[in-house]
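# Residue-level structure breakdown
What follows is the residue order along each chain.
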Amino acid sequence: MRKALVVYLVCEPETPELARAAVEAGADMIELGFPFSDPLADGPVIQRATERALARGMRTAQCLDCLAETRALVGDVPLVPMTYAALLEAYGWERFAADAEARGATSLIVSDVPAGIRPGLRRVHLVAPTSTDERLRLAASTTDGWLYLVTVTGTTGPRTTLSSALEGLVERVRPHADGIPLYAGFGISTPEQAAAAASLADGVAVGSRPVQVAEDGPDALAAYVASLRAALDCVA
Amino acid sequence: MTAIEETFGPYGGRYVPETLIPALDELSEAWEAAKRDPAFRSELDELGRTYVGRPSPITRADRFAPGRRVYLKREDLNHTGAHKINNALGQVVLANRLGKRRIIAETGAGQHGVATATACARFGLECVVYMGAVDMRRQAPNVERMRLLGATVEPVEYGTRTLKEATSAAIRDWITNVETTHYVIGSCVGPAPYPELVAELQAVIGLEARGQLLEAEGALPDVVVACVGGGSNAIGMFAAFLDDAAVRLVGVEAAGAASLGTGRAAVLHGARSSVLADEDGQIADAHSISAGLDYPGVGPEHAWLRDTGRAEYVPCTDDEALDAFARLTRLEGIIPALESAHALAVVDRIDAEYVAVCLSGRGDKDLAEALAALQSRP
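Residues numbered from 1 in each chain as written. Chains lettered and ligands numbered in written order. Predicted model: local features only at pLDDT ≥ 70, side-chain atom pairs only at ≥ 80, totals over all residues.

Moving on, we come to unusual backbone geometry. The omega torsion of the bond from Arg54 of chain B to Pro55 of chain B falls at -5 degrees, within 30 degrees of zero and hence cis. Assignment of secondary structure puts Pro55 of chain B in the loop between helix 2 (38–52) and strand 1 (58–60). Of note, the amide linkage connecting Ala192 of chain B to Pro193 of chain B takes the cis form, showing an omega dihedral of 10 degrees. Summarising the element assignment, Pro193 of chain B is placed in the loop between strand 6 (181–183) and helix 8 (194–217). The backbone of Arg118 of chain A sits at a positive phi, close to 50 degrees, despite the residue not being glycine. When you line up the elements, Arg118 of chain A lands in the loop between strand 4 (109–110) and strand 5 (126–127). With 17 C-beta atoms counted inside 10 Å, the residue Arg118 of chain A sits in the partly exposed group. For Arg161 of chain B, which is not glycine, the phi dihedral falls at a positive 55 degrees. Considering the arrangement of structural elements, one finds Arg161 of chain B in the loop between strand 5 (152–156) and helix 7 (163–177). (Helix = DSSP H or I, 4+ residues; strand = E, 2+ residues; numbered from the N terminus. Buried ≥ 20, exposed ≤ 12 C-beta atoms within 10 Å, placed from the backbone.)

Residue and element names in this part refer to chain A. Extensive coverage of strand 1 (residues 4–10) is indicated by the burial of seven of its seven residues. Here strand 1 shows two buried faces, one formed by Ala4, Val6, Tyr8 and Val10 and the other by Leu5, Val7 and Leu9. Relative to strand 8 (residues 203–206), strand 1 runs parallel, the two being bridged by four bridges. Of the residues in strand 8, the one forming a bridge with Val6 is Ala205. As defined by bridge partners, strand 1 adjoins strand 2 (residues 29–33) across five bridges and the pair is classed as parallel. Looking at the pairing, Val7 lines up with Ile30 of strand 2. (Pairing = 2+ DSSP bridges.)

We now examine the sheet that holds strand 3 (residues 102–107) of chain B. Residue and element names in this part refer to chain B. Ordered by their spatial adjacency, four strands build an open sheet running 5-4-3-6, and the pairing between neighbours is parallel. Strands at the two margins of the open sheet, each flanked by one partner only, are strand 5 and strand 6. Going across the sheet, the axis of each strand differs from the next one's by a mean of 25 degrees, ignoring polarity. Relative to strand 6, strand 3 runs parallel, the two sharing three bridges. Bridge pairing in strand 6 places Ile104 opposite Tyr183. (Axes fitted to C-alpha atoms, helices over the stretch in contact; angles between N-to-C directions.)

Next up on the list: the domain arrangement of chain B. Residues and elements named next belong to chain B. According to the domain assignment, chain B contains domain 1 (22–45 + 84–194) and domain 2 (55–82 + 203–375). Relative placement of domain 1 and domain 2: their C-alpha centres are 22 Å apart. Taken together, the contacts link 28 residues of domain 1 with 29 residues of domain 2. Of all the secondary-structure elements, those providing two or more residues to the side of domain 1 that touches domain 2 are helix 3 (84–98), helix 4 (111–123), helix 5 (133–138), helix 6 (140–148) and helix 7. (Domains from an automatic or database assignment. Contact = placed C-beta atoms within 7 Å.)

Note on interface size: it is often stated as the accessible area lost on association of the parts. Taken together, the contacts link 31 residues of chain A with 31 residues of chain B. Sorting the residues of the side of chain A that touches chain B by element identifies helix 2 (44–55), helix 4 (85–91) and strand 5 of chain A as the ones contributing at least two each. If one sorts the elements of the side of chain A that touches chain B by residue count, helix 4 of chain A sits on top with five residues. Per-class residue counts for the side of chain A that touches chain B are 15 nonpolar, 11 polar and five charged. (Nonpolar A, V, L, I, M, F, W, Y, C, P; charged D, E, K, R; others polar.)

All names here are of chain B. Under the 1.5 Å per step criterion, the end-to-end length of helix 2 is 20 Å for 15 residues, consistent within 8% with the ideal 21 Å. Among the residues making up helix 2, those that are buried are Leu44, Leu47, Gly48 and Val52. On an axial view of helix 2, the arc spanned by its buried residues comes to 100 degrees, and they lie on one face. In helix 2, the exposed residues that point more than 90 degrees away from the buried face are Pro38, Ala39, Ser42, Asp45, Glu46, Arg49 and Thr50. At its buried positions, helix 2 is contacted by helix 3 and helix 8. Phi turns positive one or two residues past the end of helix 2, at Gly53, with a value near 100 degrees. (Expected span 1.5 Å × (residues − 1). Arc of directions from axis to C-beta.)

Turning our eyes to something else, we now look at the nonpolar core. Of all hydrophobic cores here, the largest spans 229 residues; its most connected members are Ala22, Leu149 and Val204 of chain A. By residue number, the principal contributor to this core is helix 8 of chain B, which donates nine residues. No fewer than three residues from each of domain 1 (22–45 + 84–194) and domain 2 (55–82 + 203–375) of chain B sit in this core. (Core = buried A, V, L, I, M, F, W, Y, C linked by C-beta atoms within 7 Å.)

What follows is the structure in structure tokens.
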């Protein structure tokens, strides 16, 4: 079975073109980061990208436009806005979900709204190595389509090696995740790490590295994504 | 359990990444167990009496407020010079019960960092304190004190380089090291159970003050006043008077950091509260001469006390606080912290004869900042 490749980009004016390049190079899903001034789950790379995007005026309305423009360029590839509670609180929780969907979002990820809180908001849940079995069950039973496995106890950002915690997390969550794909992220950046993670999970999510590579334009991003795609296809 | 929604009316909650939820559950359980355990209470009481110097006295300030009965609750006389030690010791004792040997904290003015470093020295725990680079400059003596106490002070060179970013950096450290580390948050902010936990550890201020005021005057004060940054000395001072409907509760915010006065409902550092934020929910910068009040958020319980009308919150400018700083020093021989000077500054504005003010800390740490500001005045 083909292993899924999820690529995260921060919403900026260039992002729709970057997303198209990533999809053409083999990305199966795009996460669109809606920047928040105080991103607690993010490491230095995404913090800096966030700060820059906000300085360029990428507020909620502009990010929703970016989402719609991206949708127009990538066909029916899933698009998932990834953000923080503060943006939904300000915009209105239900209104945010409805407007994102109308602009082409497939689902949502809200990094600081864990499973069990705001149960009315349909979204993809994250689970972590620290999650108890009870919480894994809750997240798996309420997630929207797939589960995001946080491979590290930590924030987003490249690591030198793949976290050893992923294997145990996959083993613990599988029994609760009947038919729900498990995509591993946080700390995955190289083709080798992606292949190793995909040998355990159903797909991988990369964030900080594509955000860095995207600074060099769509061609550079496409080459990076293609290298991940090739590594994942060897696993499948 | 775990599905904690808002705790104080529509405020509070647990808006944090999944990684922290099990640690917050564990902390809630440990806190509930500790509260029921007489040994925990007596250990804290003993530390308060023999290490902190509790009970702290009340002082009548007749020259500062002639013709009125104005009392100061002297948290400045605590070991380490502020109310922060009440919370830091309580949480470090709690961390010991949890078996966590590494302690992290954020600090603005440095008082909470010093208090936490002190508690860690006393209990032999590793201590890392996050502090904005701007605050490290304006509160340099406290940086030296923390280092002397054996703590590592990590400068935060990001964003505003003040308390907001220091708190974010501490939370990121906690996300990374949660299995070995307890985060001693310094105010009644953050995800549940922190606001309630910190409020209960600070409640000793109001409990003592209420008894002392009754003993001195045979009656409760008309008004109780405290400064509000995150709001921990105020919530501790207010706690014992919440059920005394005739006692007005007044919180004083820095005019440039008036989360309650000019903020809106928003999510910051794990809780929904009243926050300085724009219409998109992006957090705004706060500005205050006092590093301890220089924070765009506030404890969720204060937002609830404001909405219910039980407490009122008023602003105070840097200039008014400096005047009060100078006046209390000259007239009573007490150098207040710039934070506490905000509470003192509104005493003149309050139309009441009998007032209790929480003097939350001493001003030694502020001398350089305050003198420079006073000398630069026209």
